[in-house]
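# Understanding the architecture of this molecule
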Amino acid sequence: MSDPLNDPGDEHKTPGRSKFWNFDRVLGLVALLLAVVTILYTSEVKAGLIRTFGGYWTYIIIGFSSCLLLTVLALAFWRTRDLNKTKKELADEKSKVQDFENRLNVITTNLHQMMEGKDVAFAQDNEPEKLLSSFIPYKKDSIGRWDEVSEVRYGHLKYPPFVNYDEHNVPVGPGVQLLNDLLLHTPEKKIVSLDYEEKPRDWADILDGLREKKYNVIATPMFATFERSKKVRFSAPLFFSNVGLYVRGDFADAQEVWHGVTAENLRLEIRMRAPRLRFLTIKGEISEKLAHKYADKDVIEPIDDIAVPKIFQKIADTRDASYAIFGETFTSDRDLNVKNNRVKNVLPRFQILYPVCFAVRIGDHQLANLLNIRLMELTQKTPMLDRFVNKLADDISYKSQDEFEAKRKALQAEVAANFVTEWPVKASGK
């Protein structure tokens, strides 16, 4: 059976040329000419008008000339008729092609809607089951009244510049400093003793240590995602952080792939324009969460090495495949491969935002309340992003006050380009 999309049918095929000069027609014309000449010659001989044999050839020459003239006229007529017919058929073909393109656009639009509807239906069908299977009944698990808290132990993982380690492997950085600011004194001015777990964690087990009561709070600020909120309780947002999608530089420059891509159409556009793009993911990190949200399972590739420079190096150097990873733009844009444009973010700013929070055990509402109360007190005096810039500026090396002010201004612009304290209307993140 012919393919209706590829075989246009007889009515769509290009008209063939006129076959005026075929053997049957030529033979017929010659026979007709001979018959006419013979009849004329016989009648003339009987009438006594032609008495020599040369007169016969005169008739033949006149007949051939007449026949040739009639043939040229007939050929011109048929060619003109075929040309007009061809023009009309071409106009009809153009109209049919336009109709076909319109139908194809309608089919494509319906296909997009069906795919989006399938995703929504799949999520709706499976979300209740997921919620029930992962449901954790609420259980009070508090360390005491918020105004009586006297000792807090925190867990941590390396996530520059928020949390890093000094030469003695002690956790330092804006995350630890901010947690100290929040818990150093309760609203009753009671001193709180802060201690930390000696073992640094990673993204795969940082929440497990909290649930196992190895510590009371996580000092490394993290994204408050829907999946994580099933396991822990989050404080009020410190701020909202921008997330980008990073791919190889030359692939990012392919405008036919990434032009017009937003958080709303990202999943569909990846399926349609970049179906072979593979997503690298770090277990427990935002890259894993967003890869499962925006990509199909068969193109997701978990990786064991979570060193960000090595990940971006893999994306930049691999030529036989195209890799991508979701990452926080504030930390990702500091990587050398990103600075050199060997790896680029293809999403516009503030398309995907996630709240950055501290995490406590899911039943420890007392400690969560204490953190939230102290956050309100601190931000009334100094906006959170300004406080964050001030803490980052403590690590700036400089030789003069002017150099310090210039570096601090650049740092402030960098923070403003990657964080916001209010949720934009069109931002995505769950």
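To continue, consider the overall build of the chain. In terms of regular secondary structure, the chain is built from 15 helices and 13 strands. Per-residue burial over the chain gives 38% buried out of 430 residues. Within the chain, residue pairs in contact and separated by at least 24 positions form 74% of the contacts whose partners lie at least 6 positions apart. Of the roughly 25600 Å² of accessible surface on the chain, a fraction of 57% belongs to carbon and sulfur atoms.

What follows covers the side chain of R228. In this structure, R228 sits in helix α5 (residues 226-229). Sequence-distant contacts of R228, that is, excluding residues within four places in its chain, are made with W203, L207, M222, F223, F234, G284, E285 and I286.

The next subject is the packing of aromatic side chains. All told, the structure shown has 16 aromatic pairs when counted by the stated rule. When the centroid spacing of 5.4 Å and the interplanar angle of 65° are considered together, the rings of Y246 and F312 count as edge-to-face. In this pair, Y246 is assigned in strand β7 (residues 239-248) and F312 in helix α10 (residues 308-317), connecting sequence segments 66 residues apart. The two residues Y246 and F312 agree in class, both being buried. On the numbers, 5.9 Å between centres and 15° between planes, the contact of F279 with F326 is stacked. Residue F279 is located in strand β8 (residues 278-281), and its partner F326 is located in strand β10 (residues 323-328); the two are separated by 47 residues in the primary sequence. Its relative accessible area of 0% is what places F279 among the buried residues. Over the ring of Y323 we find K314; its NZ or CZ atom is 4.7 Å from the centre of that ring.

Counting 79 residues, the largest nonpolar core has V217, F239, L245, W258, F279, F326 and I352 as the members making the most contacts within it. Counting residues per element, this core draws most heavily on strand β12 (residues 352-361), which supplies 7 residues. Beyond its immediate sequence surroundings of up to four residues, W258 is in contact with L245, V247, F251, A252, R273, L277 and V346. I311, F312, Y323 and V343 belong to the second largest nonpolar core, which has 12 residues in total.

This next bit is on the pattern of salt bridges. Summed over the entire model, instances satisfying the criterion amount to 18 salt bridges. A salt bridge links D195 to R153, with the shortest nitrogen-to-oxygen separation between them at 3.0 Å. With D195 in strand β4 (residues 193-196) and R153 in strand β1 (residues 151-155), this residue pair connects regions lying 42 residues apart in the sequence. The partly exposed category is assigned to R153, whose relative accessible area is 29%.

Attention now goes to the pairing of β12. When you tally the buried positions in β12, you get 10 out of 10 residues, the bulk of the element. The pairing of strand β5 (residues 217-223) with β12 spans 4 bridges and is antiparallel. Bridge pairing in β12 links V217 to V360. Judged from the 3 bridges that link them, strand β6 (residues 232-234) and β12 form a sheet pairing that is antiparallel. Counted as the bridge partner of F234 is A359 from β12.

What follows covers the side chain of N337. Looking at the element boundaries, N337 is found in helix α12 (residues 336-339). Setting aside its immediate chain neighbours within four residues, N337 contacts P309, F312, Q313, A316, R342 and V343.

A word on the environment of I282. With respect to the helices and strands, I282 occurs in the loop between β8 and α9 (286-294). Take I282: its relative accessible area is 8%, and that puts it in the buried class.

What follows is about α9. Of all the residues in α9, the buried ones are I286, S287, L290, A291 and Y294. An end-on view of α9 places all buried positions within 125° of arc, on one side of the element. One side-chain oxygen of the residue at the start of α9 lies 3.0 Å from the amide nitrogen of S287, identifying that residue as E285.

Of all residues in the chain, 68% attain a pLDDT of 70 or more, and the chain-wide mean is 78. At the low end of the mean pLDDT range in the chain sits helix α1 (residues 23-46), at 62; at the high end sits strand β11 (residues 343-345), at 95. Predicted confidence is poor over residues 1-20, with pLDDT under 50, and the contacts of this stretch with residues over four places away or in other chains come to 16 contacts.

Here we take up unusual backbone geometry. Glycine aside, a negative phi is what most residues show, and trans is what most peptide bonds show. Across the junction of P160 and P161, the peptide omega takes the value 0°, indicating a cis bond. A positive phi angle, close to 65°, is found at K213, a residue other than glycine. Positionally, K213 belongs in the loop between α4 (206-211) and β5. For K213, a relative accessible area of 54% puts it in the exposed group. Not every positive phi belongs to a glycine, and N341 is a case in point at roughly 65°. Residue placement: N341 occurs in the loop between α12 and β11. Overall, N341 belongs to the partly exposed group, its relative accessible area being 46%.

Each value, and the rule that gives it
- Residues numbered from 1 in each chain as written.
- Predicted model: local features only at pLDDT ≥ 70, side-chain atom pairs only at ≥ 80, totals over all residues.
- Heavy atoms only, no water.
- Helix = DSSP H or I, 4+ residues; strand = E, 2+ residues; numbered from the N terminus.
- Buried < 20%, exposed > 50% of the residue type's maximum accessible area, 1.4 Å probe, protein only.
- Contact = heavy atoms within 4.5 Å.
- Areas by Shrake-Rupley, 256 points an atom, 1.4 Å probe, with all protein chains shown as cover.
- Phe/Tyr/Trp six-rings, centres within 6.5 Å; stacked < 30°, edge-to-face > 60°.
- Lys NZ or Arg CZ within 6 Å of the ring centre and 35° of its normal.
- Core = buried A, V, L, I, M, F, W, Y, C linked by side-chain atoms within 4.5 Å.
- Salt bridge = Lys/Arg side-chain N within 4 Å of Asp/Glu carboxyl O.
- Pairing = 2+ DSSP bridges.
- Arc of directions from axis to C-beta.
- Polar contact = N/O pair within 3.5 Å; in protein donor to acceptor, adjacent residues only side chain to side chain.
- pLDDT = per-residue confidence, 0-100.

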